[in-house]
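# Coordinate inspection notes
Each chain, letter by letter, is given below.
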Amino acid sequence: MKTIADLMTRDPVAVRPRETVQRAAQLMDELNVGCLPVCEDWLVRGIVTDRDITVRATAAGLDPGSTEVAAVMSEGVRCCSQRQSPAEVLRQMSAVQIRRLPVVDDAGRLVGIVSLGDFAARHPGGVDETLRQISTPAAPDRAAA
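Along each chain, residues carry numbers from 1 onward, in the same order as the chain's sequence is written. Where totals are concerned, whole chains, interfaces and linings use all residues; where local detail is concerned, this predicted model gives features only for residues with pLDDT of at least 70, and gives and counts side-chain atom pairs only at 80 or more. By convention in this description, side-chain values take in all heavy atoms of the structure and omit both hydrogens and water.

## Quick notes on the nonpolar core
Of all hydrophobic cores here, the largest spans 13 residues; its most connected members are V15, A24, L36, V38, V48, I53 and V69. Counting from the N terminus, the helices are the DSSP runs of H or I reaching at least four residues and the strands are the DSSP runs of E reaching at least two. Where this core is concerned, the elements lending two or more residues are α2 (21-31), β2 (35-40) and α3 (50-58). Per-element tally for this core: the top contributor is α2, with 4 residues. Whether two residues are in contact is decided by their heavy atoms: any pair within 4.5 Å suffices. Those residues in contact with I53, other than ones at most four positions away along the chain, are V21, A24, A25, M28, V48 and T58. By convention a nonpolar core is built from buried Ala, Val, Leu, Ile, Met, Phe, Trp, Tyr and Cys residues, the set being connected through side-chain atoms within 4.5 Å. Only protein chains enter the accessibility calculation, which uses a 1.4 Å probe. A residue is then buried if its area is under 20% of the maximum for its type, exposed if over 50%, and partly exposed in between. Listed in part, the 12 residues of the second largest apolar core include I4, C80, L116 and F119.

Here you go:
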């Protein structure tokens with residue numbers, strides 16, 4: 001049986017919470033990725049996305065050279081185990097409408113990232129329905145308007 005370890009992208013690059021938003025954006029540009037796990041000693045503390053940088057830093061007028069990643073990252077990140085089945089992880093991604101998950105080992109340390117792209121390339125069964133579930137638009141937040 002295939003596990004997420006068979007599909008994931010290995011050896012992910014992570015940032016530390018105290019690194020700057022500017023450094024995170026530079027790494028995303030260099031790696032051509034839209035998110036980075038935020039880790040301390042390879043334990044996942046959060047995730048920072050290009051959207052986090054745009055909405056939580058740039059739109060708020062924060063200085064990317066002095067603002068720490070911890071100020072804009074998403075906390076309470078869901079992770080999956082490298083031992084889980086692809087079907088389990090697709091259900092998890094669909095249920096919470098996320099496109100990528102950090103993958104952890106039995107000690108909870110980051111060992112990879114799995115994305116819908118990984119599924120599409122290596123395990124296409126179920127990706128179309130998961131993408132449909134994830135892509136269901138949410139109502140815009142007009143509270144600040």
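## Details of the side chain of D118
Relative to the helices and strands, D118 is located in helix α5 (residues 116-122). By relative accessible area, which is 8% here, D118 ends up buried.

## Concerning α3
By the burial criterion, the buried members of α3 are D52, I53 and A57. Here the buried residues of α3 occupy an arc of 95 degrees about the axis, which is enough to place them on one side. Those residues of α3 hidden inside the fold are in contact with α2 and β3 (43-49). Relevant arc is that of directions from the helix axis to the C-beta atoms, nothing else.

## Describing the pattern of salt bridges
When the charged atoms of two side chains with opposite charge come close together, those side chains can pair. Salt-bridge detection follows one rule: a side-chain nitrogen of Lys or Arg within 4 Å of a carboxyl oxygen of Asp or Glu. Counted by the stated rule, this structure contains 6 salt bridges. Where R16 meets E19, a salt bridge forms, and the shortest distance between an N and an O atom there is 3.8 Å. Note that R56 and D52 form a salt bridge whose closest N and O atoms lie 3.4 Å from each other. Residue R56 and its partner D52 are both found in helix α3; the two are separated by 4 residues, about one turn of the helix.

## A word on the sheet that holds strand β5 (residues 100-104)
Whether two strands pair depends on DSSP finding at least two bridges between them. If you trace the 4 strands from one edge of the open sheet to the other, you get β1-β6-β5-β4, paired in mixed fashion. Edge positions in the sheet fall to β1 (9-10) and β4 (80-81), since each has one partner strand and no second. Summarising the sheet, β4 and β5 pair through 2 bridges and their orientation is parallel. Paired with S81 across the strands is V104, a residue of β5. Note on method: axes are straight lines fitted to C-alpha atoms, helices fitted across the in-contact stretch only, with angles between N-to-C directions ranging 0 to 180 degrees. Against the sheet, helix α4 (residues 86-96) touches β4, β5 and β6 (110-115), its axis set at about 135 degrees to β5.

## Considerations on α4
The complete set of buried residues in α4 reads P86, V89, L90, Q92, M93 and S94. The first or second residue beyond α4 is Q97, which carries a positive phi of 55 degrees.

## What to know about the packing of α2 against α3
Contact pair α2 / α3: the axes reach a minimum separation of 10 Å and the direction vectors enclose 145 degrees. Seen from above, α2 lies across α3 with left-handed handedness. Across from V21, A24, A25 and M28 in α2, the residues of α3 making contact are D50, I53 and A57. The residue classification treats Ala, Val, Leu, Ile, Met, Phe, Trp, Tyr, Cys and Pro as nonpolar and Asp, Glu, Lys and Arg as charged. All others, Gly included, are polar. Per-class residue counts for the contact of α2 with α3 are 6 nonpolar, no polar and 1 charged. Crossings are classed by handedness, with left-handed meaning an anticlockwise turn of the near helix from the far one by less than a right angle and right-handed meaning a clockwise turn.

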